[in-house]
Amino acid sequence: MSERTDGRLSLAVLGAGAALVLAAGVAWWVAAAPEIGAEPPQAIPPVVVPEEIAPEQVENDLESFLPEFDNTVRREVGRIEPETAQSMQVPSEKDGEYRLQFVCLGPGELSVLIRGTVEGDVHQRVDCEGNLSAFAFVSAGDHVVISVRRPGPEPADVGFQVIDVD
């Protein structure tokens, strides 16, 4: 055979080999492909609707306004209705130094009265702007009485605490 015939024969064998390799690759790829109809289609997960949750109580909001201290003697949080007063007796030591911290949420103001201090009755009127406010006092005996009054037509949410400063 001539060189030309040998070149053509080599080219034909190479082409046939390439076609055979290509056919084998296609057959493998088709055989390895997942079967579309073999598995049932995946179910769409159900839509989960969150259940309704009642809004948090106001006390939780006020709690976040009042910093917590280890030396807190008494802490109260709640709602005070219009034209009403709430009082609490707080244990204390004679000549002990204390701080009353409070926060009020709502329109208007609060009237705060502390009885049983060395200064006598301490009266403060404070705005209900949501700011943390405080004032110091010295106890005259073994307890003080703190009264909070809400003047005006609307209720207010109040939180207050007495801290031992000594």
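Predicted, not measured: the structure shown is a model, and the values here were computed from it.

A closer look at the overall build of the protein chain
In step 1: Helix and strand counts for the protein chain come out as two helices and seven strands.
In step 2: Starting at the N terminus, the α and β elements of the protein chain follow one another as α-α-β-β-β-β-β-β-β.
In step 3: In the protein chain, which comprises 166 residues, the share counted as buried stands at 25%.

What to know about the packing of aromatic side chains
The relative placement of two aromatic rings is captured by the distance of their centres and the angle of their planes.
In step 1: Overall, the coordinates contain two aromatic pairs when judged by the stated rule.
In step 2: The interplanar angle of 20° and the centroid separation of 5.8 Å between the aromatic rings of tyrosine 98 and phenylalanine 137 together place this pair among those described as stacked. Of this pair, tyrosine 98 sits in strand β3 (residues 97-117) while phenylalanine 137 is found in strand β5 (residues 133-138), placing the two residues 39 residues apart along the sequence.
In step 3: You can call tyrosine 98 buried: its relative accessible area is 4%.
In step 4: Ring centres 5.8 Å apart and planes at 65° place the aromatic pair phenylalanine 102 and phenylalanine 135 in the edge-to-face group. Of this pair, phenylalanine 102 sits in strand β3 while phenylalanine 135 sits in strand β5, and the two are 33 residues apart along the sequence.

A few points about the pairing of strand β4 (residues 120-129)
In step 1: Two strands pair when backbone bridges link them, and β3 and β4 are joined in this way by eight bridges, in the antiparallel orientation. Directly across from valine 112, in β4, lies its bridge partner glutamine 124.
In step 2: A loop of two residues connects β3 with β4, the two strands running antiparallel in sequence.

Observations regarding the environment of threonine 72
In step 1: Within the secondary structure, threonine 72 sits in strand β1 (residues 72-80).
In step 2: You can call threonine 72 partly exposed: its relative accessible area is 24%.
In step 3: C-alpha separation for the pair threonine 72 and tyrosine 98, spaced 26 residues apart in sequence, amounts to 9.5 Å.
In step 4: What threonine 72 contacts, discounting residues up to four positions off in sequence, is Gln161, Val162 and Ile163.
In step 5: A distance of 3.0 Å separates a polar side-chain atom of threonine 72 from the backbone oxygen of phenylalanine 69.

Brief notes about the environment of valine 148
In step 1: As for its position among the elements, valine 148 is in strand β6 (residues 143-150).
In step 2: Residue classification places valine 148 among the buried residues on the basis of a relative accessible area of 4%.
In step 3: Beyond its immediate chain neighbours, meaning those up to four positions away, valine 148 contacts Ile80, Thr84, Ala85, Gln86, Leu110, Ser111 and Phe160.

So, how was this worked out
- For every chain, the first residue of the written sequence is number 1, and numbering continues from 1 along that sequence.
- At least 70 in pLDDT is required for a residue's local features to be given in this predicted model, at least 80 for side-chain atom pairs to be given and counted, and no such filter applies to totals for whole chains, interfaces and linings, which use all residues.
- As a rule here, side-chain values come from all non-hydrogen atoms in the structure, and water together with hydrogens is ignored.
- Here a strand is any run of E in DSSP of at least two residues, a helix any run of H or I of at least four, and the numbering for each starts at the N terminus.
- Throughout this description, buried means an accessible area under 20% of the type-specific maximum (1.4 Å probe, protein chains only), exposed means over 50%, and partly exposed covers the range between.
- Centres within 6.5 Å make a pair out of two Phe, Tyr or Trp rings, where for Trp the six-membered ring is used; the pair is then stacked when the planes are under 30 degrees apart, edge-to-face when over 60, and tilted otherwise.
- Strand pairing is assigned whenever DSSP detects at least two bridges linking the two strands.
- Pairs of residues are marked as contacts when any of their non-hydrogen atoms sit within 4.5 Å.
- Each polar contact in these results corresponds to two N or O atoms within 3.5 Å; when the atoms are within protein, one needs to be able to donate a hydrogen and the other to accept it, and residues that are neighboring in sequence are counted only if both atoms are side-chain atoms.

Note that every value here comes from positions in space, so none of it alone points to a role or purpose.
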